[in-house]
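Chain and residue survey
One-letter residues, chain by chain:
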Amino acid sequence: AMAAISERLASWEENKANTTGQDQAFEAGNALALFGYRQRNVTVVVWMGGDCPLCERLNGTRQRIGSPFVSEGDTVEATDGATAALAVSRTIRHGPLHGGCDCTVMAG
């Protein structure tokens, strides 16, 4: 059992930089999209995504640009009744909602 745990920890350490980099690049792309929308006087954005029961909850939600889709301290309930709810630890104005999330915002 200890060998399996050690192997898993080593795997996480090996892949952490790549995973973190991908998540941050994706988040930066969404932030850049919001910036571009503001420059074009877009006033409403729509959450697009829904590949998981948490993201599905926000899919199609419209919000004034710059306003949060979810705020720090909120909880996002999954749509499938089996996936654990997500306790939100930061205000979210664009995707991603969670690690590995591929949600975006589009002009609405």
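Below you will find a few notes about this structure.

1. A closer look at the sheet that holds strand β1 (residues 44-48)
Pairing is antiparallel in the open sheet, where three strands are placed in the order β2-β1-β5. Of all strands in the sheet, those with a lone pairing partner are β2 (62-64) and β5 (104-107), marking the two edges. On average, each strand axis in the sheet is inclined to that of its neighbour by 35 degrees, with strand direction left out of account. Where β1 meets β5, four bridges bridge the pair, whose relative direction is antiparallel. In the sheet register, W47 faces β5, and the bridge partner there is V105.

2. Description of unusual backbone geometry
Note the cis peptide between G95 and P96, where omega equals 5 degrees. The residue P96 is located in the loop between β4 (86-87) and β5 in this model.

3. A word on the state of the cysteines
Tallied over the entire structure, the rule returns zero disulfides. Note on C55: no disulfide assigned, nearest cysteine sulfur contributed by C103 at a separation of 3.4 Å. Among the residues examined, C55 registers a relative accessible area of 3% and is labelled buried. C101 carries a free sulfur, and the closest cysteine sulfur to it, the one in C103, is 3.5 Å from it. On the basis of relative accessibility, which here comes to 6%, the residue C101 falls in the buried class.

Parameters and conventions
- Residues numbered from 1 in each chain as written.
- Predicted model: local features only at pLDDT ≥ 70, side-chain atom pairs only at ≥ 80, totals over all residues.
- Heavy atoms only, no water.
- Pairing = 2+ DSSP bridges.
- Helix = DSSP H or I, 4+ residues; strand = E, 2+ residues; numbered from the N terminus.
- Axes fitted to C-alpha atoms, helices over the stretch in contact; angles between N-to-C directions.
- Disulfide = S-S within 2.5 Å.
- Buried < 20%, exposed > 50% of the residue type's maximum accessible area, 1.4 Å probe, protein only.

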